[in-house]
Amino acid sequence: MSIFKAYDIRGRYPQELDEAKARVIGRAVAQFIGRNRKTPRIVVGRDVRLSSPSLSKNLIQGLLESGAEVTDIGTVTTPMSYFACGFYRFDGNVMVTASHNPPEYNGFKICRENAIALSEATGLKEIEKLTTLRTLTGSQSENPERAKAAKYSSHLPGRIKHLDISSDYRKFVLKSLKPLRRPLKVAVDFTNGSVGPVFQDIFRSVPKLKVSPLCLEPDGRFPNHEPNPMKDENIRDLKRAIQKSRADFGVAFDGDGDRVIFLDEKAQRIPNDLITALIAGELLKARRTEHIVYDLRSSRIVKEQIEKMGGRPVRERVGHAFIKATMRKHNAAFGGELSGHYYYRDNYFADSALLTFTNLVNLIGAANKPLSGIIKPLRKYFQSGELNFTVADKNKKMKEVAREFSDGKMDYLDGVTIEYDDWWFNVRPSNTEPLLRLNIEASTKGRLNSIRRKIERILTKP
């Protein structure tokens, strides 16, 4: 299976992705981003995985060999790399990370100017072709000037710079934080990822905010648990910490700090689409009529809440590249995905877990009720969560499902979505695996269970 995925480059280290491939990919990235620029300016960051320093070094060497000017910002979160690309007006950025995957994985997330993400539809396929060409022919595909640069690039003055962006990033995040009206205690699981030191640097001195940290020290082995907070087994310690410290809420980040999940004071996980609805409602108090983008798996309450507050809901297919593109199209203020990614116009339409944290702190700090009480009105419907089914012929099974429910309102924005008055569901294919992913929502638990049984007769057991 190719290491080039729908939205990034990712594989096991060193079996699928090693230093030699990183160098070739760096050369291809520089050529792609530098198509219309004599010397593309590219910023590179990395997460805490054990393989990241070596992969980053070789990626940078490849970028230099294709004539790029590289700025190395060191160990950062993925949202910091997006910020750096937009704030300092680079031509592109590469983040060395495998995000929430287990420690044996690594990869690259790539953007062009203004932190515009590259996907297989907007550049990754071309980079893959360039990588293949370079692997087969080496430097023969370069023009003479680029070949000459490749030979001497590591010795050229000014070709690589180092930049500490922590001060500018701290100011950027704190700009959105309001003074707390009451003391707040929060339990935070940093997953031994890159977000811990960044969080400490930004929030250490915030008045009335007390943090109980878990897994704070960066460690690319992720010794305490997998860096994926979407799995319940990875937030068990956080639940205990909330109860032990009597925290007002809990927070868990993933390995590279671009995804975040929240738990209330009772240590109950809050569905990510309800967080989208909550933040959207709060933002729309000050900026009514704004567009808000959400992924099509989200609860109906998201659209209802946006419309209630005077906003303009925009439903989009799953995937950060699609959400970001649609936000740019509508100049949307905010966007949210069921995966725990939250996007902000003020952050170059890119995701930011820390901005999401500040929004929750603002909201909870100003309320006269606990987080469970704030979220309660949004818990209106019953949801299945995302269920995965192993299917050999995904298109055939989706057609069977569509035939079975042909009397419903149907669309094909991403897979097939079928709606009725008191329930709806979406079935969509995985981009990388022989899986169909199912999400169901209904007005009652009984209706949810009966629909699930009916769909499972077609798809078999998840």
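Computed from a predicted structure; not experimentally measured. Position numbers for residues count from 1 along each chain, tracking the sequence in the order it is written. A pLDDT threshold of at least 70 governs which residues receive local features in this predicted model, and a stricter bar of 80 or more applies before side-chain atom pairs are shown or counted, although totals over entire chains, interfaces and linings include all residues. By convention in this description, side-chain values take in all heavy atoms of the structure and omit both hydrogens and water.

Caption draft 1: Broad picture of the overall build of the protein. Along the protein, the regular secondary structure elements total 15 helices and 23 strands. Radius of gyration (C-alpha) of the protein: 23 Å, near the 23 Å computed for a compact globule of 462 residues. Its C-alpha atoms give the protein principal-axis dimensions of about 70 × 55 × 45 Å. Exposure is judged per residue with a 1.4 Å probe applied to protein chains only, and the accessible area is read against the type maximum: over 50% gives exposed, under 20% gives buried, and values in between give partly exposed. Out of the 462 residues in the protein, the part that is buried amounts to 58%. Restricting to contacts in the protein with at least 6 residues of sequence separation, those with at least 24 account for 68%. Of the roughly 20100 Å² of accessible surface on the protein, 49% is carried by carbon and sulfur atoms. Positive: Lys, Arg. Negative: Asp, Glu. His and the chain ends are not part of the count. Note that the charge is assigned to NZ on lysines, CZ on arginines, CG on aspartates and CD on glutamates. Taking the average place of the 77 positive charges on the side chains of the protein and the average place of its 55 negative ones, the gap between the two points comes to 2 Å. Under the DSSP-based scheme used, a helix requires at least four consecutive residues in state H or I and a strand at least two consecutive residues in state E, with every element numbered from the N terminus. Radius of gyration here uses only the C-alpha atoms, and the compact-globule reference equals 2.2 Å multiplied by the residue count raised to the power 0.38. Should any heavy atoms of two residues lie within 4.5 Å, those residues are counted as being in contact. Per-residue and other accessible areas follow the Shrake-Rupley method at a 1.4 Å probe size, with only the shown protein chains counted as cover for residues.

Caption draft 2: Fine view of the sheet that holds strand 9 (residues 209–214). A pair of strands counts as paired when DSSP detects no fewer than two bridges linking them. Taken in spatial order, the five strands of this open sheet run 9-8-10-11-12, and their pairing is mixed. Across the chains shown, the open sheet's two edge strands, defined by having one partner strand only, are strand 9 and strand 12 (269–270). With six bridges joining them, strand 8 (residues 184–189) and strand 9 adopt parallel strand pairing. Directly across from Lys-185, in strand 9, lies its bridge partner Lys-210. Every angle, taken between N-to-C directions, lies between 0 and 180 degrees, and every axis is a line fitted to C-alpha atoms, over only the stretch in contact when it is a helix. Together, strand 8, strand 9, strand 10 (249–253) and strand 11 (260–263) form the strand contacts of helix 8 (residues 236–245), whose direction differs from that of strand 8 by roughly 160 degrees.

Caption draft 3: How the structure looks around the environment of Phe-203. With respect to the helices and strands, Phe-203 occurs in helix 7 (residues 195–203). Each C-alpha atom of the pair Phe-203 and Ile-292 lies 28 Å from the other, and the pair is 89 residues apart in sequence. Filtering out sequence-adjacent residues up to four positions away, Phe-203 remains in contact with Val-173, Leu-174, Leu-177, Leu-209, Leu-354, Phe-357 and Thr-358.

Caption draft 4: Spatial organisation of the nonpolar core. Take the buried Ala, Val, Leu, Ile, Met, Phe, Trp, Tyr and Cys residues and link them wherever side-chain atoms come within 4.5 Å; each set so joined is a nonpolar core. Counting 68 residues, the largest nonpolar core has Tyr-169, Phe-203, Phe-249, Val-251, Phe-253, Leu-354 and Phe-357 as its most contacted members. Core analysis: the next-biggest nonpolar cluster, separate from the first, contains 28 residues, Leu-17, Ile-42, Leu-63 and Val-70 among them.

Caption draft 5: Layout of unusual backbone geometry. Going from Tyr-13 to Pro-14, the amide bond is cis rather than trans, its omega being 0 degrees. Looking at where Pro-14 falls in the secondary structure, it is placed in the loop between strand 1 (9–12) and helix 1 (19–33). Unusually for a residue other than glycine, Asn-114 sits at a positive phi of about 60 degrees. Judged by its relative accessible area of 40%, Asn-114 falls in the partly exposed class. The phi dihedral of Thr-289 falls on the positive side, at around 75 degrees, and the residue is not glycine. Given a relative accessible area of 47%, Thr-289 falls into the partly exposed group.

Caption draft 6: Structural view of the pairing of strand 4 (residues 92–96). With five of five residues buried, strand 4 lies mostly within the body of the structure. Where burial is concerned, the two faces of strand 4 agree: the one with Gly-92, Val-94 and Val-96 and the one with Asn-93 and Met-95 are both buried. Alignment of strand 2 (residues 41–46) against strand 4, held across five bridges, turns out to be parallel. Bridge pairing links Val-44 to Val-94 in strand 4. As defined by bridge partners, strand 4 adjoins strand 5 (residues 105–112) across five bridges and the pair is classed as antiparallel. Looking across to strand 5, one finds that Gly-92 is bridged to Arg-112.

Caption draft 7: Expanded view of the sheet that holds strand 14 (residues 312–316). A sheet is described by the order of its strands in space; here five strands give the open sequence 14-13-15-16-17, paired in mixed fashion. The open sheet has two edge strands with one neighbour each: strand 14 and strand 17 (350–351). Relative to strand 16 (residues 342–344), strand 15 (residues 334–336) is paired through three bridges, and the arrangement is antiparallel. Residue pairing for strand 16: Phe-334 is matched across the bridge by Tyr-344.

Caption draft 8: Spatial organisation of the packing of aromatic side chains. The pairing test for Phe, Tyr and Trp rings, Trp by its six-membered ring, is centres within 6.5 Å, and the orientation test on the planes gives stacked under 30 degrees, edge-to-face over 60, and tilted for anything in between. What the rule picks out here adds up to 21 aromatic pairs. With a centroid separation of 5.2 Å and an interplanar angle of 50 degrees, the aromatic rings of Phe-334 and Tyr-344 are classed as tilted. With Phe-334 in strand 15 and Tyr-344 in strand 16, this residue pair connects regions lying 10 residues apart in the sequence. By relative accessible area, which is 6% here, Tyr-344 ends up buried. Between Trp-423 and Phe-425 the ring centres are 6.0 Å apart and the planes differ by 10 degrees, which places this aromatic pair in the stacked class. Comparing Trp-423 with Phe-425, the two get one shared label, buried. An aromatic cluster of three or more residues is present, and its members are Phe-83, Phe-87, Tyr-88, Phe-90, Tyr-169 and Phe-172. A ring has a charge above it when a Lys NZ or an Arg CZ is no more than 6 Å from the ring centre and no more than 35 degrees off the ring normal. Lying over the aromatic face of Phe-32, Arg-35 brings its terminal NZ or CZ to 4.0 Å of the ring centre. Positioned above the aromatic ring of Tyr-82, the side-chain terminus of Lys-324 is 4.2 Å from the ring centre.

Caption draft 9: Region of interest: the environment of Phe-4. On the secondary structure map, Phe-4 appears in the segment before strand 1. Each C-alpha atom of the pair Phe-4 and Ser-119 lies 9.5 Å from the other, and the pair is 115 residues apart in sequence. Phe-4 has contacts with Ile-9, Ile-25, Leu-124, Ile-127, Glu-128 and Thr-131, leaving out every residue within four places of it along the chain.

Caption draft 10: Up close: the pattern of salt bridges. Whenever a carboxyl oxygen of Asp or Glu lies within 4 Å of a side-chain nitrogen of Lys or Arg, that contact is scored as a salt bridge. By the definition in use, this model includes 37 salt bridges. One salt bridge in this structure joins Arg-345 and Glu-290, with 2.8 Å as the shortest N-O distance. One end of the pair, Arg-345, is in the loop between strand 16 and strand 17; the other, Glu-290, is in the loop between helix 9 (272–286) and strand 13 (291–295), with 55 residues separating them in the sequence. A salt bridge links Asp-422 to Arg-447; its shortest N-O distance comes to 3.5 Å. Of the two residues, Asp-422 is situated in the loop between strand 21 (416–419) and strand 22 (423–429) and Arg-447 in helix 15 (residues 445–459); the sequence distance between them amounts to 25 residues. Among the ionic contacts, a cluster of salt bridges with common partners joins Arg-37, Asp-91, Arg-112 and Glu-113.

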